[in-house]
Amino acid sequence: AVDQEIAFLDSFLNPLFFFLDGAVFQILEKESFLQFSFRKIRQFIFPYYFLAFLLLCAEIGFAPYEGVDVTSKWIFDRIFLYILPEVRVYSLWYLPALFCSEMICYFIVKISRDRLPFGCLWAVVVLALSLVYNAFCHRYLPWSLDTAFIGSFYSYIGYLTTHKKT
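Quick look at the structure, then. The model shown is predicted, which means the values in this text are computed figures rather than measured ones.

This part covers the packing of helix α2 (residues 33-62) against helix α3 (residues 72-83). Relative orientation of the contacting elements α2 and α3 amounts to 150°, with a least axis distance of 12 Å. Between α2 and α3, the crossing angle belongs to the class labelled roughly antiparallel. Between α2 and α3 the crossing geometry is right-handed. Residue-level contacts link Tyr48, Tyr49, Ala52, Phe53, Leu56, Glu59 and Ile60 of α2 to Trp74, Ile75, Arg78, Ile79, Tyr82 and Ile83 of α3.

Following this line, the structure appears as C-alpha cells:
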C-alpha cells in the first residue's frame, strides 16, 4: 500500500519537478552548445559525483554494521558499475536526469528556433520515443536517460511558460 501511495505521488511530483526546471531553464545570449554543456556539468554533474562519493564513503563506514564485506572489488564495482554510469544506486538520479533533460531541451529550443509548433512537435516526438522505450524495455538507462526523455517534455512545457514566443 505504501508503494502505491509513493507511485501515486511520484506521478505528480516528478512531472512538476521537471516542469519547474524548465521554467527556470535558459540559454544565455550567444552561448554555444559547448559553453552551455560546461555550465550544466558544473550545475549538475559535479554535485552528483561529489555527493555520490560522499554517500559511498558513508556506505563503506556503515558496511561492517550491516554485515557487508568491503573489498577492493566491492568498491571497484560500486564506482565503475553503479556510480559512474549512474544506474540509480543512490537517490541522486535526479541530477543526471536534469542534466540530460536540459541537454535535450537545448536541442528542442535550438532546432525549433523558438517557433512554438515545431518545439511542441519535437517535445512530443521525444516523449513518444521515451514512452515506447519504457513500455517495451524494462531497464534503466545510464544517467537516467529513460527519465530524462520524459522529463524533457515537461521541462519544455515549463520553458514555454516563461519564454512565450510564437
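There's plenty left to go through after this.
With that out of the way, let us pick up the environment of Ala52. With respect to the helices and strands, Ala52 occurs in helix α2. Residues Ala52 and Trp74, spaced 22 residues apart in sequence, show a C-alpha to C-alpha distance of 15 Å. Not counting the four nearest positions on each side in its chain, Ala52 is found in contact with Ile83, Tyr90 and Leu92.

Residues three or four positions apart in an α-helix share a direction because the helix packs 3.6 residues into each turn. Taking 1.5 Å of rise per residue, 18 residues should cover 26 Å, and helix α6 (residues 145-162) covers 25 Å from first to last C-alpha, within 8% of that figure. Along α6, the sharpest kink reaches roughly 30°, centred on Gly151. For α6, the full list of buried residues reads Asp146, Thr147, Ala148, Gly151, Ser152, Phe153, Ser155, Tyr156, Gly158, Tyr159 and Leu160. In this structure, the buried residues of α6 make contact with α1 (2-24), α4 (94-112) and α5 (116-136).

Right, let's talk about the nonpolar core for a bit. Counting residues in hydrophobic clusters, the biggest one holds 33 residues, and the most contacted among them are Phe25, Tyr48, Ile83 and Tyr156. Contributions of two or more residues to this core are made by α2, α3, α4, α5 and α6. Not counting residues within four places of it along the chain, the set of residues in contact with Tyr156 comprises Cys105, Ile108, Val109, Ser112, Leu116, Gly119, Cys120 and Ala123.

Here Asp146 is to be found in helix α6. Those residues in contact with Asp146 that sit more than four places away from it in its chain are Arg88, Ser130, Tyr133, Asn134, Arg139, Tyr140 and Leu141.

Once that is clear, we can look at unusual backbone geometry. With phi around 60°, Lys30 is a residue other than glycine that occupies positive phi space. On the secondary structure map, Lys30 appears in the loop between α1 and α2. Notably, Trp143 is not glycine yet its phi reads approximately 60°, a positive angle. Along the polypeptide, Trp143 turns up in the loop between α5 and α6.

What follows concerns the packing of aromatic side chains. In the structure shown here, the tally under the stated rule is 15 aromatic pairs. Between Phe76 and Phe80, the aromatic rings sit 4.6 Å apart at their centres with planes inclined by 35°, giving tilted as the arrangement. One end of the pair is Phe76 and the other is Phe80, both in helix α3 and four residues apart, which spans about a single turn. Looking at Phe76, the relative accessible area reads 47%, which means it is partly exposed. Accessibility expressed as a relative area gives 44% for Phe80, which makes it partly exposed. Among the aromatic residues, those joined into a cluster by ring pairs are Phe25, Phe33, Phe36, Tyr106, Phe107, Tyr156 and Tyr159. Across the ring face of Tyr82, the terminal group of Arg78 is positioned such that the distance to the ring centre comes to 5.3 Å.

Time to look at the pattern of salt bridges. Evaluation of the coordinates by the stated rule reveals four salt bridges. Two residues, Lys73 and Asp77, come together in a salt bridge whose shortest N-O distance is 2.7 Å. One end of the pair is Lys73 and the other is Asp77, both in helix α3 and four residues apart, which spans about a single turn. Residue Lys73 is classed as exposed on the basis of its relative accessible area of 54%.

Conventions we followed
Residues numbered from 1 in each chain as written. Predicted model: local features only at pLDDT ≥ 70, side-chain atom pairs only at ≥ 80, totals over all residues. Heavy atoms only, no water. Axes fitted to C-alpha atoms, helices over the stretch in contact; angles between N-to-C directions. Helix = DSSP H or I, 4+ residues; strand = E, 2+ residues; numbered from the N terminus. Parallel < 35°, antiparallel > 145°, perpendicular 65-115°, else oblique. Left-handed = near helix turned anticlockwise from the far one by under 90°. Contact = heavy atoms within 4.5 Å. Expected span 1.5 Å × (residues − 1). Bend = angle between axes of the 7 residues up to and from the residue. Buried < 20%, exposed > 50% of the residue type's maximum accessible area, 1.4 Å probe, protein only. Core = buried A, V, L, I, M, F, W, Y, C linked by side-chain atoms within 4.5 Å. Phe/Tyr/Trp six-rings, centres within 6.5 Å; stacked < 30°, edge-to-face > 60°. Lys NZ or Arg CZ within 6 Å of the ring centre and 35° of its normal. Salt bridge = Lys/Arg side-chain N within 4 Å of Asp/Glu carboxyl O.

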